Amino acid sequence: MNIAIVGAGSTGVSTAYALALEGHEVTVYEQRSTVAEEASFGHAGWQTPALLQPWTIFGLDPATRSTALPGRQALLRPGPAWHGDWSERWQRRQAGRRLRKTTDAAPALVALEQLAAHSLQLQQAQWQQWELDPESLRGSLVLLGTEAERERLQPALQALSEAGSTWEPLDATQTRQMEPALGEELEFAGALFFPEGASANGRLATLMQRQAAQAMGVHFEMQHAVTQVHAAAKGRPTQVWLRGQDMPRSHGAIVICTGAEATSLLAPLGLRLPARPLHGYGINAPLREESYAPRHAIVDWSEQLTLTRLGQRIRLAAGAELGRRAPPHEATLQRMYHRLNMLFPGSAALSAGVQVWHGTRLCTTDGLPLLGASGLPGIWLNLGHGGSGAAMAQGCAAVLADLMGQRPTPIDSLLIDPRRFG
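The paragraphs below set out a description of the structure included in this document. (Residues numbered from 1 in each chain as written. Predicted model: local features only at pLDDT ≥ 70, side-chain atom pairs only at ≥ 80, totals over all residues. Heavy atoms only, no water.)

### Let's talk about the sheet that holds strand β18 (residues 370-373)
Logical step 1: Spatial strand order, β8-β2-β1-β12-β19-β18: six strands in an open sheet with mixed pairing. With partners counted over all chains shown, the strands left at the sheet margins are β8 (219-222) and β18, one partner each. Between one strand axis and the next, the sheet turns through 20° on average, direction left out of account.
Logical step 2: With three bridges joining them, strand β12 (residues 253-256) and strand β19 (residues 379-383) adopt parallel strand pairing. (Pairing = 2+ DSSP bridges. Helix = DSSP H or I, 4+ residues; strand = E, 2+ residues; numbered from the N terminus. Axes fitted to C-alpha atoms, helices over the stretch in contact; angles between N-to-C directions.)

Right under this line is the structure:
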């Protein structure tokens, strides 16, 4: 089949690769000049456990705190351009109460972790085949500020257990033994160590996969913005309209992998996505001193901040803003710098070579992607991965190829069906 992929982030490139493996003729349309220039550019680097990637699951994140403290990062805050209500915070609190009351692991949480583990297995097989490594590390640590946070995470730990993940509870002393560069003034209760956890440079992995996809015949149309898509109709195939071109391109099927931009692209077709954009920040800084750097990927649960070492750089990711994108929130960035100096003082050179990213993730309320048939003839979706897009890209692409090929999938396809919210 002749298939169009709209979007060349980590999800779009992995989808193109997976479908090319099936023997399809694949064309990728991307408005930027290269791949992984939007949400995939500032990926935190955290891969597994996906459940503990900040802002993945409603109700697992710490309760939203007051923004009254000077310079304090607002974990979930309305952006300056936001004019909605406060239902998002209420929904998170309600979701948290439901999670803590349940005695069985939520199927969505288990499926999410299984999907991430499946993706990691596929990724590592590819890296071994290509004899390349995108600055990957094994082992992940979730720092816990209080014992109450450990208790709050019990629903996630139960789901992780059911998904086959293992972890070790650590006290503060044991945590410092694993991460001897942790700041002396840092106060915390302990950590959760995931020996099979992983991190990697998602953008570098996407660039590597683009080369592999091109070698298989995938055609990349860069700097070609898609302005409209048309579902198949009687006597007409699916169509892609490109900016500046008078005639559409026809394809046997279209897969939308554009993240938050999919909302405006699909709205004219009457398709409203059950997801909302969440804006966040990334800071890349040169590694200053090897011995001061983290040895594992770190999630600071109290701050909902991810810290990873990617080669000779340190990457922080944090922040969550609702509404339309607005200028960067300086207080959030300053809080991130401050927290880095608390966690691993002296690890990064912050005087030069620092790169700040402000991007958007499309998030669903259950944390699972919108993956599968859209309900419109010939239109398929691979969207809504939140902050775990690069982590789940290979698994989602493989599952979508199974769905398009009408084969059984490794997880319950009803849990990821784009129409599951009714």
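Continuing now.
### A closer look at the pairing of strand β7 (residues 190-199)
Logical step 1: With eight of 10 residues buried, β7 is to be regarded as a mostly interior element.
Logical step 2: The pairing of strand β3 (residues 46-48) with β7 spans two bridges and is antiparallel. From the neighbouring strand, W46 faces β7, where its bridge partner is S199.
Logical step 3: Inspection of the sheet shows strand β5 (residues 137-144) paired to β7 by seven bridges, in the antiparallel sense. In the strand pairing of β7, L144 is matched with G190.
Logical step 4: With four bridges joining them, strand β6 (residues 168-171) and β7 adopt antiparallel strand pairing. Across the sheet, L170 pairs through a bridge with A191, a residue of β7. (Buried < 20%, exposed > 50% of the residue type's maximum accessible area, 1.4 Å probe, protein only.)

### Let's talk about the pairing of strand β1 (residues 2-6)
Along a regular strand, successive side chains alternate from one face of the sheet to the other.
Logical step 1: Burial analysis of β1 places four of its five residues in the buried class, the great majority of the element.
Logical step 2: Of the pairings in the sheet, the one linking β1 to β12 comprises four bridges and is parallel in character. Counterpart to I5 in the pairing with β12 is V255.

### With respect to the sheet that holds strand β10 (residues 238-242)
Logical step 1: Ordered in space as β9-β10-β11, the three strands form an open sheet in which the pairing is antiparallel. Single-partner strands in this sheet number two, and they are β9 (226-230) and β11 (249-251). Shown here is a sheet whose adjacent strand axes are inclined to one another by a mean of 25°, direction ignored.
Logical step 2: Direction of pairing for β10 relative to β11: antiparallel, over a ladder of three bridges. For V240, the partnering residue across the bridge sits in β11 and is R249.

### Side note on helix α1 (residues 10-21)
Residues three or four positions apart in an α-helix share a direction because the helix packs 3.6 residues into each turn.
Logical step 1: Taking 1.5 Å per residue, 12 residues should reach 16 Å; α1 reaches 17 Å between its end C-alpha atoms and fits that length.
Logical step 2: Of all 12 residues in α1, 11 are buried; the element is thus mostly enclosed.
Logical step 3: Within α1 the residues assigned to the buried category are S10, T11, G12, V13, S14, T15, A16, Y17, A18, L19 and A20.
Logical step 4: Once α1 finishes, G23 follows within two positions and takes phi at roughly 95°, a positive value. (Expected span 1.5 Å × (residues − 1).)

### Quick word on the environment of R325
Logical step 1: Structurally, the position occupied by R325 is in the loop between β16 (313-322) and α9 (330-343).
Logical step 2: Assessed through its relative accessible area of 45%, R325 is described here as partly exposed.
Logical step 3: When sequence neighbours within four positions are dropped, the list of residues in contact with R325 reads H279, H358, G359 and T360. (Contact = heavy atoms within 4.5 Å.)

### Things to note about the packing of aromatic side chains
Think of a pair of aromatic rings as described by two things: how far the centres are apart, and how the planes are tilted against each other in angle.
Logical step 1: Within this structure, the stated rule accounts for two aromatic pairs.
Logical step 2: When the ring of Y17 is compared with that of W130, the centres are 5.8 Å apart and the planes differ by 85°; the resulting orientation is edge-to-face. Of this pair, Y17 sits in helix α1 while W130 sits in helix α3 (residues 107-130), placing them 113 residues apart in sequence. An identical accessibility class is assigned to Y17 and W130; each is buried.
Logical step 3: Measuring from ring centre to ring centre gives 6.3 Å for W167 and F194, while their planes differ by 35°; the resulting arrangement is tilted. With a gap of 27 residues between them, W167 in the loop between α5 (154-162) and β6 and F194 in strand β7 connect regions that are remote in the sequence.
Logical step 4: Its relative accessible area of 2% is what places F194 among the buried residues.
Logical step 5: The ring of F220 carries the charged tip of R210 above its face, separated from the ring centre by 5.0 Å. (Phe/Tyr/Trp six-rings, centres within 6.5 Å; stacked < 30°, edge-to-face > 60°. Lys NZ or Arg CZ within 6 Å of the ring centre and 35° of its normal.)

### Considerations on the nonpolar core
Logical step 1: Within the largest apolar cluster, 63 residues are counted, with the highest numbers of intra-cluster contacts made by I5, V142 and V255.
Logical step 2: If one sorts the elements of this core by residue count, α3 sits on top with nine residues.
Logical step 3: Residue contacts for V142: discarding those within four places in its chain leaves W46, L52, G190, A191, L192, F194, V299 and W301. (Core = buried A, V, L, I, M, F, W, Y, C linked by side-chain atoms within 4.5 Å.)

### Concerning α3
Logical step 1: Under the 1.5 Å per step criterion, the end-to-end length of α3 is 35 Å for 24 residues, consistent within 8% with the ideal 34 Å.
Logical step 2: Just downstream of α3 lies E131, where phi reads positive at about 55°.

### Considering unusual backbone geometry
Logical step 1: With an omega of 0°, the peptide bond running from T48 to P49 counts as cis.
Logical step 2: Turning to its location among the elements, P49 is positioned in the loop between β3 and β4 (77-78).
Logical step 3: Of note in this structure, Q304 is not a glycine but carries a positive phi near 55°.
Logical step 4: Mapped onto the elements, Q304 comes out in the loop between β14 (297-300) and β15 (305-310).

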